[in-house]
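Single-letter residue listing:
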Amino acid sequence: MKDKIVFSRRNFLRTSALASGGILIGVNFLNACAEAAQPPVDVANLDFKDFNAFIKIAENGYVTIFSPNPEIGQGVKTSMPMIIAEELDVPWDHVTVEQAPLNTEKYSRQVAGGSQSIRAGWDSLRQTGATSKQLLINAAAERWGVSAQTCTASEGIITNEEGETLGYGEVVNDAAKMEVPENAVLKDPKDYKIIGKNAVNVDIDAIITGKPLYGLDFKEEGMKYATVMRAPAFGEKLKSYDDSEAKTVNGVEEILQFGDKIAVIATNTWAAMKAKRKIKVQWEPSGNLEGSALHSQKLDAILDRKDLKVEREDGDVNKAFADADQVIERTYESPFLPHNCMEPMNFYANVTADKVYLVGPIQTPAGTASQVAKLLERDEKDIDLQMTRMGGGFGRRLYGDFVLEAAEISNLAKKPVKVVYSREDDMTAGTYRPSIKYRIKAALKDDKVTGYNLKEAAINSNMYGLIPNFFPAGAIANYKVETGNYKSDISTGAWRAPYTNFLAFAEQSFFDEIAGELQIDPVQLRLDLLDNVDEGADERIEYSASRMKDTIRLAAEKGNWGSAEPGIHKGFSAYYSHNSHVAEVVSIGMQNGFPKVKNVTVAVDCGIVVNPTGARNQVEGGVIDGIGHAMYGYFPFEDGRPKAENFDSYRLIRMQETPVVDVHFVENTLSPTGLGEPGLPPAGGALANAIKAATGQRLYQQPFINSFEKQKLQDIKV
Amino acid sequence: MATYTLKVNGKKVNVEADDDTPLLWILRDELNLVGTKFGCGIGQCGACTVHVDGEANRSCLLKASELVDHEITTIEGLAEDDDNLHPVQQAWKEVDVPQCGYCQAGQIMTASAFLKENPAPSNEEIRKAMHGNICRCAAYNRIEKAVALASKK
Ligand code: FES
Ligand code: FES
């Protein structure tokens, strides 16, 4: 993705004198402020129509940052304010961050997804801090009657040549009346005091003491709880139902049908859940009731087709294969995956004649608000959507289906309701990572990779954007990526590191096989291939071969690649995605014929690391998530129904299966890139390569656990 | 519906509920103690962990009728007050454990009950004790570290 944010130096920031004293700075990171835009004079009335963040500097010099950016666990609520505070130059412990309510009447898009928040905000957040600081310096200079150029500011204190000082708080009221400067200078990264230092999650106290933070915790006077019965299979619709028994459950107020769904509205969650189970429903087919066996056949048929969509083609692949000494071809297969956010989907809606009030965890507030407006045939101005902290996202909360349900139920019942999913609802009414197959073919000639053809067959949709231009595009002269898909009634969508979460496994396993055929070290093979890349020659290629090589070398060094340890088997993988370069060494041991993942050494180049503790946490989580799903994530369908529906039938990685993850950052001063996703894709491939090293067995299907069950544990050489 | 007198975080409270209502929903919906989280409802994830007479229990599997005359402690009652955090909470803060944070109340309740029983655990014992609590964000390395740190407090 190219950087689309054009930052306007002019006019992106406006100030108000607060009625209670102090200054309020309204910032529009993405555009120039509208002519009439003016921040309010009290913080109770912040509205994000013209600004997408506010900074309050109080008369005691303390700073509050109001940001509507949704927090799904990726830490931007801590790291983005750190960037402002750095350039504003205030001590971090003088800064408070508040999740500002969103008013969807009109605000700039705030979306958490694609690991883009930090990357997109880097320039504008720094500029905001620096400009605010200059404004305060100007106010102090005027008070002293000296030139602003002779004054400096640091840690919230402005100093002049005489050595006199003024705190930010002492000049805020003057600053509020002054012109916003345009000449602010950004710091040299070597002078950073906050960026690059650990800052603990700003919500930590609330989290560890159990304060209400999440959508599921939200309550309002008169609120009812609703559960929703949906068709158990994709491709089914409602035929008839009998709710007489369900209605007898204490606390049930109303049971109503909307579309092919039935809502139970009750005074408490338990009553709504219990009554739902007592509804007797008949469903009937509305489409195909598909299963995983059928999908496997359909995807195979796509891979055999000759007319797939070409996503990228370099050189002459056919000739490379015709001229090859040897051709390797392998097929890799992955199941659907549910997201399983720890906090099940939920949303509050109160639809009344004058407004539609919505509260809950959603990654795409703006888009969802307009969908609600359309559904209820309301003016977008009527929709007031507020976000809560989210108990995980992983892509699931990009889709507002549960928000629409809440809005529709509240509209029909004329009551404020909170729709609550059970775990079963959450797992069976998903927007799954699509089941995918990759077939990769390589031409080898004179000990070199001369041709490469990757075919993707996926359910519903294919890889997007620049993914076809990821490594090894640019490294192999004859290169072709093709895609095809099969449309299914099973709903699919983005899942942490979409497509690359499995593509990386396929390719990184495949490179290991190529290295085996060429009899060279797998790390060396990757370095050699990267040497072929003519950096900057192809605009579509956004990974950097030199950064990738540095990242690979760092992982190999820290992970002791190439040194033998008794009982330990290693696998390597390196992958660029979401603008960050990541390489991993996975070490496993065999225990009773079963792989036990011991350590993962990770090297990451994500540019400047804004908040190391938060960044490490993201990478650790991403890697373990990648290992866990590659190992255990199994979600087959039969007759349109998922065969797992709760944590007793769907296995997530747990503490005792978790490796120790050791994260190393490549040090540089390049602009920061995101970390919510890039740690995940390489993990599965590195693990598969380690399993091959340990057992001699090459795995082509996820989850790996199925291979071990099938082939009887004693066959494995330990 | 029946009325039960429960003792939650040191206070007696009367609740009206159907006798099959899990403690989890009584805490969350009736008593406004929403720190105890819902994750699975079937005893598999540990998000709903509370202490009953000091022992870790899954509140999604407990019925009010079984709890009369027992001491129930939730995350809201673990520390004396917000300025005097429990050592496990302090350790959680020092290690900066949470990502999304949703599972953490349950993790902390499991860890604090475990450390009372086994004040100086090995890493293996910690991993075993925490195995029943899922963290979907996979903050497991830090959970392990924080439990070890808390055991030294
Ligand atoms: S909600 Fe009780 S164990 Fe998951
Ligand atoms: S921190 Fe998100 S589930 Fe544990």
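Whatever comes next refers back to the structure up there.
Residues numbered from 1 in each chain as written. Chains lettered and ligands numbered in written order. Predicted model: local features only at pLDDT ≥ 70, side-chain atom pairs only at ≥ 80, totals over all residues. Heavy atoms only, no water.

Caption draft 1: Main features of the sheet that holds strand 3 (residues 53-57) of chain A. All names here are of chain A. Ordered in space as 1-2-3-4-5, the 5 strands form an open sheet in which the pairing is mixed. In this open sheet, the two edge strands, each paired with only one partner strand, are strand 1 (13-17) and strand 5 (95-99). Mean inter-strand twist for the sheet, computed between neighbouring axes without regard to direction, equals 20 degrees. The sheet contact formed by strand 1 and strand 2 (residues 23-27) spans 5 bridges and is antiparallel. Counted as the bridge partner of Arg14 is Gly26 from strand 2. This element, helix 1 (residues 76-88), spans strand 3, strand 4 (63-67) and strand 5 of the sheet and lies at about 140 degrees to strand 5. (Pairing = 2+ DSSP bridges. Helix = DSSP H or I, 4+ residues; strand = E, 2+ residues; numbered from the N terminus. Axes fitted to C-alpha atoms, helices over the stretch in contact; angles between N-to-C directions. Contact = heavy atoms within 4.5 Å.)

Caption draft 2: Local environment of the layout of surface pockets. Residues and elements named next belong to chain A. Considering only enclosed or pocket space, the second largest pocket measures out at about 1,000 Å³ in volume. What lines the second largest pocket is a set of 43 residues, among which Arg230, Lys276, Glu424, Asp425 and Thr428 lie closest to the centre. Broken down by secondary-structure element, the contributors of at least two residues to the lining of the second largest pocket are strand 9 (224-229), strand 10 (236-242), helix 5 (269-277), helix 9 (401-413), helix 10 (423-428) and strand 27 (641-642). Among the elements that make up the lining of the second largest pocket, the one with the highest residue count is helix 5 (4 residues). Within the lining of the second largest pocket, the residues separate by chemical class into 19 nonpolar, 8 polar and 16 charged. (1 Å grid on protein atoms, 1.4 Å probe; cavity = no way out; pocket = protein on both sides within 12 Å on 5 of 7 lines; lining within 4 Å. Points joined across faces, edges and corners; volume = space filled by probe spheres on them. Nonpolar A, V, L, I, M, F, W, Y, C, P; charged D, E, K, R; others polar.)

Caption draft 3: Geometry of unusual backbone geometry. With omega at 10 degrees, the peptide bond leading from Phe471 of chain A into Pro472 of chain A counts as cis. Residue placement: Pro472 of chain A occurs in the loop between strand 21 (448-459) and strand 22 (478-486). For the bond from Gln702 of chain A to Pro703 of chain A, the omega torsion is -5 degrees, close enough to zero to count as cis. Relative to the helices and strands, Pro703 of chain A resides in the loop between helix 15 (681-695) and helix 16 (705-710). Unusually for a residue other than glycine, Asp89 of chain A sits at a positive phi of about 65 degrees. Given a relative accessible area of 5%, Asp89 of chain A falls into the buried group. Its identity as a non-glycine residue notwithstanding, Asp96 of chain B has a phi of 55 degrees, on the positive side. (Buried < 20%, exposed > 50% of the residue type's maximum accessible area, 1.4 Å probe, protein only.)

Caption draft 4: Spotlight on the sheet that holds strand 28 (residues 660-665) of chain A. Residue and element names in this part refer to chain A. The strand order across the open sheet built from 4 strands is 23-24-25-28, with neighbouring strands paired in mixed fashion. The open sheet has two edge strands with one neighbour each: strand 23 (569-577) and strand 28. Strand-to-strand, the axes of this sheet are offset by a mean angle of 20 degrees, without reference to chain direction. Here strand 23 runs beside strand 24 (residues 580-591); their pairing, made up of 9 bridges, is antiparallel. Each bridged residue has a counterpart across the sheet, and for His569 the counterpart in strand 24 is Ile588. Along the sheet face, helix 13 (residues 545-558) touches strand 23, strand 24, strand 25 (594-605) and strand 28 and points at about 25 degrees away from the line of strand 24.

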